[in-house]
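Listed below are the residues making up each chain.
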Amino acid sequence: MSKRALVAIADGTEEIEAVTVIDVLRRAAVDVSVASCQLTRELQVKASRGVKLVADSHIDECVDYSFDLIVLPGGMPGAEHLRDCPTLTSMLTCQQKAERWIAAICAAPAVVLSAHDLITDAKATCHPAFCQQLKAKQVITDMPVVVDDDHFLITSQGPGTAMTFALRLVEILMGENKAREIGQPMVILS
């Protein structure tokens, strides 16, 4: 059975983080849905560095589906737009209650997850500029990716850690062998 992942995007999303995750998960044969969280219901978003990304659907069209993983790229003001999306907030709350994986990178752990008290009991990391805002039980600043198995949470620090983050997502969803199989041809893992 194929694993399903949702990647939420909005104006100001960090493009390296979004595209790297989408690409690597799709290389691993994960069924990835890219969802726009735009209030205007537009599918196209203008990412943090001006790159235009086009979602598969609007987040409101995704609420009736179950995902093994929901991923939140960072970027500003992208993370704020994700934070302010009531549909996404509801989906994240349900995801957490169902003990299914949530992943967030860069500003998203602090700006989105902390804002909605979805990380208070977990260990996590985020972009160094947002560590003071991260309301986690244990804030880890010396690891590029932090996995909290007890809380089904994966967090990472920023654009430079996006590839490591994406491969950890593959490992969690599909296993270590699949992560190695994907990483080696991309000259990431030896």
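Note: the structure precedes this text.
Along each chain, residues carry numbers from 1 onward, in the same order as the chain's sequence is written. Since the coordinates come from a predicted model, pLDDT governs what is reported: local features require at least 70, and pairs of side-chain atoms require 80 or more to be given and counted, while whole-chain, interface and lining totals use all residues. With hydrogens and water set aside, each side-chain value is computed from the structure's full complement of heavy atoms.

So, on to unusual backbone geometry. A cis amide bond links M76 with the next residue in sequence, P77, at an omega value of 5°. Strands here are runs of E lasting at least two residues and helices are runs of H or I lasting at least four, both read from the DSSP assignment and numbered beginning at the N terminus. Looking at the secondary structure, you find P77 in the loop between β6 (69-72) and α2 (78-83). With a phi close to 55°, E99 is a non-glycine residue in the positive phi region. Of note in this structure, V187 is not a glycine but carries a positive phi near 60°. Locating V187 in the fold gives a position in the segment after α6 (176-183). A relative accessible area of 73% means that V187 is categorised as exposed. Burial classes follow relative accessibility: with a 1.4 Å probe on protein chains only, a residue under 20% of its type's maximum area counts as buried, one over 50% as exposed, and anything between as partly exposed.

This next bit is on the sheet that holds strand β1 (residues 4-9). If you walk across this open sheet you meet the seven strands as β5-β2-β1-β6-β7-β11-β10, and the pairing is mixed. Two strands bound the open sheet, and with one partner strand each, they are β5 (57-58) and β10 (145-148). Pairing between β10 and strand β11 (residues 153-156): four bridges, direction antiparallel. By the bridge assignment, V146 is partnered in β11 with T155. Any two residues whose heavy atoms approach within 4.5 Å are treated as being in contact. Convention adopted: a line fitted to C-alpha atoms gives each axis, helices being fitted over their contacting stretch, and angles between N-to-C directions are expressed from 0 to 180 degrees. The strands touched by helix α3 (residues 86-97) within the sheet are β1, β6 and β7 (101-105), with β6 carrying the most contacts at an inclination of about 135°. Sitting on the sheet, helix α5 (residues 162-174) is in contact with β6, β7, β10 and β11, with an inclination near 175° to β7. Following DSSP output, two strands are said to pair if at least two bridges run between them.

Here we come to the nonpolar core. Among buried residues, the Ala, Val, Leu, Ile, Met, Phe, Trp, Tyr and Cys ones that are joined through side-chain atoms within 4.5 Å form a nonpolar core. Formed by 35 residues in total, the largest nonpolar core has its most connected members in L25, L69, I154, F165 and L169. Top element by residues in this core is α5. It accounts for seven residues. Once residues lying within four places of it in the same chain are set aside, the contact partners of L69 are R4, A5, L6, L25, Q95, W101, I102, A103, I154, L169 and L173.

On to the pairing of strand β2 (residues 31-36), then. On a regular strand, one side chain projects to one face of the sheet and the next to the other, so that they alternate. Burial runs high along β2: five of the six residues are buried. Inspection of the sheet shows β1 paired to β2 by six bridges, in the parallel sense. Bridged to I9 within β2 is S36. In this fold, the crossover linking β1 to β2 by way of helix α1 (residues 15-27) has right-handed handedness. Pairing of β2 with β5, which is carried by two bridges, proceeds in the parallel orientation. Its bridge partner lying in β5, A35 is registered against S57. The handedness of a crossover follows from its direction of travel: if, with the strands pointing away from the viewer, the path from the first strand over the helix to the second runs clockwise, the crossover is right-handed.

Time to look at the environment of C126. By the element assignment, C126 lies in the loop between β8 (123-124) and β9 (138-139). Taking relative accessible area as the criterion, C126 reaches 1% and is therefore assigned buried. For the pair C126 and P109, spaced 17 residues apart in the sequence, the C-alpha separation amounts to 5.9 Å. If we skip the residues at most four places from it in the chain, C126 touches C106, P109, A110, C131, L134, S156 and Q157.

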